[in-house]
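What follows is each chain in one-letter form.
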Amino acid sequence: MKLFPSAQDALFIRRCFDLARLGAGRVSPNPMVGAVLVHEGRVIGEGYHRQYGGPHAEVEAIRSVSAEDKPLISKSTLYVSLEPCCVHGRTPPCTNLILEMGIPQVVISNMDRSPGVNGKGVQQLRDAGVEVHTGILEDEGRPYSAIRNCFVRENRPYIVLKYAQSADGFLGRENESVWLTNAVSRRLVHKWRSEVDAILVGTQTLRVDNPALTNRLHFGKSPIRLVLDREGTLPRTLRVFDSEAPTWVFTESPDDFPEPGETMRIIPAPFGDDLIPFLLNYLAANNITSLFVEGGRKMLFSFLEGGWWDEARVLEAPVWLNQGIYAPKVPGQPVSLQQVQSDKLYVWRK
């Protein structure tokens, strides 16, 4: 393992991260991966995993090499953000392609904890004589593999808690819709929605704010909308019940819902202490690898108290409410703070 990467290794691994990010929201349940092929300091090919079921990043990088540079492949170093796969899935193993192309050196940031891989890809390459270095900018690259590794290791989606609060620590006011953040922050939230599989809010948030929970301000898809309606009493006129995106309703009263259409799914669920584990197990069984929780204080507190979270994104607006619903407190210290025009974005990772 290279504990102190060279400037060149850091440069090209960071380029892998940039490429991997381009697959956000398109590759689930696979991970985001970027790859760069370098000969004597010059990039001769690069690629990323563009969509689920499509070619992997390593394949895209090798395919992108020009005809005149193809003889250099067997003399080049392959940089990749995640350990190359060594199992047959929807596509052949990338380790086989690396060996077929005679690539002599592979530099990796993070390991793939998927069953059947988890170090075996690295070992297969080393056993065949390939020089492999792992752990390059590992901490920096972990977010790009976190969703996949959480899903395969814990059998649940990667959970992101998101909320906005006032400068004096309030989510809003009781039974009143209060908008805190600026237009740029709202667009950023829609970008985040495009990058996850599903989004969850609670009953009270739906009644008070009537959110659509779709991505309307950024490119890409909308997530599956998850609705908690214990007694089946939410008005069917709410925007989450339209056909703009799929909606899954978890309820103890499935018979109170009309016959679901193409975009609606009704799921009988146990409410109370067992609800969150049931919800996460159901999502995992349906290949939902990432969950965005945009609920109110009660829901956010339930996820935080139970330790059911991996990341928290808190937007703080320069607004003072003086009273209202107190925002929950995320344990630990934020890993980053960014300015989003007038708003502040704090990010925690557990």
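Summarised in this report is the structure supplied together with it. A quick note: this is a predicted structure, and the numbers were derived from the prediction, not measured.

### Section: the overall build of the protein
When its secondary structure is counted, the protein shows nine helices and 16 strands. By the compact-globule yardstick of 20 Å for 350 residues, the protein fits well, its C-alpha radius of gyration being 22 Å. Each principal axis of the C-alpha distribution contributes one length, and for the protein these read about 65 × 45 × 35 Å. Of all intrachain contacts in the protein linking residues separated by at least 6 positions in sequence, the fraction that spans at least 24 positions is 68%. Accessible surface, the protein as shown: approximately 16,600 Å² in total, 49% of it carbon and sulfur. Distance between charge centres in the protein, computed from 39 positive and 40 negative side chains, equals 3 Å.

### Description of the nonpolar core
Core analysis: the biggest nonpolar cluster contains 33 residues, and L161, L200, L226, L291, V293 and F303 have the highest contact counts within it. In terms of residues, this core owes the most to one element, helix α8 (residues 275-285), which gives five residues. If we ignore the near neighbours within four places in the chain, the residues touching L200 are L226, L228, L279, L291, F292, V293, E294, G295, M299 and F303. Ranked by size, the runner-up nonpolar core spans 29 residues in total, among them A146, L206, L213 and V227.

### Brief notes about the sheet that holds strand β1 (residues 34-39)
Read from one edge to the other, the open sheet built from five strands follows the order β2-β1-β3-β4-β5, with strand pairing classed as mixed. With partners counted over all chains shown, the strands left at the sheet margins are β2 (42-48) and β5 (131-133), one partner each. Going across the sheet, the axis of each strand differs from the next one's by a mean of 15°, ignoring polarity. When strand β3 (residues 77-82) meets strand β4 (residues 105-110), the two strands line up parallel, connected through five bridges. By the bridge assignment, L82 is partnered in β4 with N110. The sheet contacts of helix α5 (residues 138-154) involve β3 and β4, and relative to β4 the element is tilted by about 75°.

### Topic: the pattern of salt bridges
Counted by the stated rule, this structure contains 18 salt bridges. Close ionic contact of E60 with R50 constitutes a salt bridge, the shortest N to O distance being 3.6 Å. Here E60 is found in helix α2 (residues 57-63), whereas its partner R50 is found in the loop between β2 and α2, with 10 residues between them in sequence. R50 gets classed as partly exposed once you look at its relative accessible area, which sits at 43%. Between R142 and E138 there is a salt bridge, with its nearest N and O atoms 3.8 Å apart. Of the two residues, R142 and E138 both sit in helix α5, four residues apart, roughly one turn of that helix. Each of E138, D139 and R142 takes part in salt bridges that share partners, so that together they form one network.

### Observations concerning the pairing of strand β6 (residues 158-166)
Within β6, nine of the nine residues are buried, which leaves the element mostly enclosed by the surrounding structure. Side chains Y158, V160, K162, A164 and S166 project from β6 onto one buried face, and the interleaved I159, L161, Y163 and Q165 project onto a second face that is buried too. Where β6 and strand β12 (residues 290-293) come together, four bridges link them in parallel fashion. In the strand pairing of β12, I159 is matched with L291.

### A few points about the side chain of H49
Relative to the assigned elements, H49 resides in the loop between β2 and α2. Setting aside chain neighbours within four positions, we find H49 in contact with G23, V27, N30, P31, V33, G54, P55, H56 and A57.

### So, the side chain of S76
Its place among the elements puts S76 in the loop between α2 and β3. Within polar-contact distance, the side chain of S76 engages the backbone oxygen of L72 at 2.6 Å. Not counting residues up to four positions away in its chain, the partners in contact with S76 are L37, V38, H39, I44, I103, P104 and Q105.

### Observations regarding the environment of G54
When you line up the elements, G54 lands in the loop between β2 and α2. Those residues within four positions of G54 in sequence are excluded, and the remaining contacts are H49 and T91.

### As for the sheet that holds β12
The strand order β11-β10-β9-β8-β12-β6-β13-β16-β15 describes an open sheet built from nine strands, whose pairing is mixed. At either margin of the open sheet sits one strand with a lone partner, and together these are β11 (264-268) and β15 (336-340). Adjacent strand axes in the sheet meet at a mean angle of 20°, parallel and antiparallel pairs treated alike. Looking at chain direction, β15 and strand β16 (residues 343-349) are connected through five bridges and run antiparallel. Note on β16: the bridge partner recorded for V340 is D343. Running over the sheet, helix α6 (residues 183-194) touches β6, β8 (198-201), β12, β13 (311-317), β15 and β16 and is turned about 165° from β13.

Rules used in this analysis
- Residues numbered from 1 in each chain as written.
- Predicted model: local features only at pLDDT ≥ 70, side-chain atom pairs only at ≥ 80, totals over all residues.
- Heavy atoms only, no water.
- Helix = DSSP H or I, 4+ residues; strand = E, 2+ residues; numbered from the N terminus.
- Rg over C-alpha atoms; globule rule 2.2 N^0.38 Å.
- Contact = heavy atoms within 4.5 Å.
- Areas by Shrake-Rupley, 256 points an atom, 1.4 Å probe, with all protein chains shown as cover.
- Lys, Arg positive; Asp, Glu negative; His and termini not counted.
- Charge placed at Lys NZ, Arg CZ, Asp CG, Glu CD.
- Core = buried A, V, L, I, M, F, W, Y, C linked by side-chain atoms within 4.5 Å.
- Buried < 20%, exposed > 50% of the residue type's maximum accessible area, 1.4 Å probe, protein only.
- Pairing = 2+ DSSP bridges.
- Axes fitted to C-alpha atoms, helices over the stretch in contact; angles between N-to-C directions.
- Salt bridge = Lys/Arg side-chain N within 4 Å of Asp/Glu carboxyl O.
- Polar contact = N/O pair within 3.5 Å; in protein donor to acceptor, adjacent residues only side chain to side chain.

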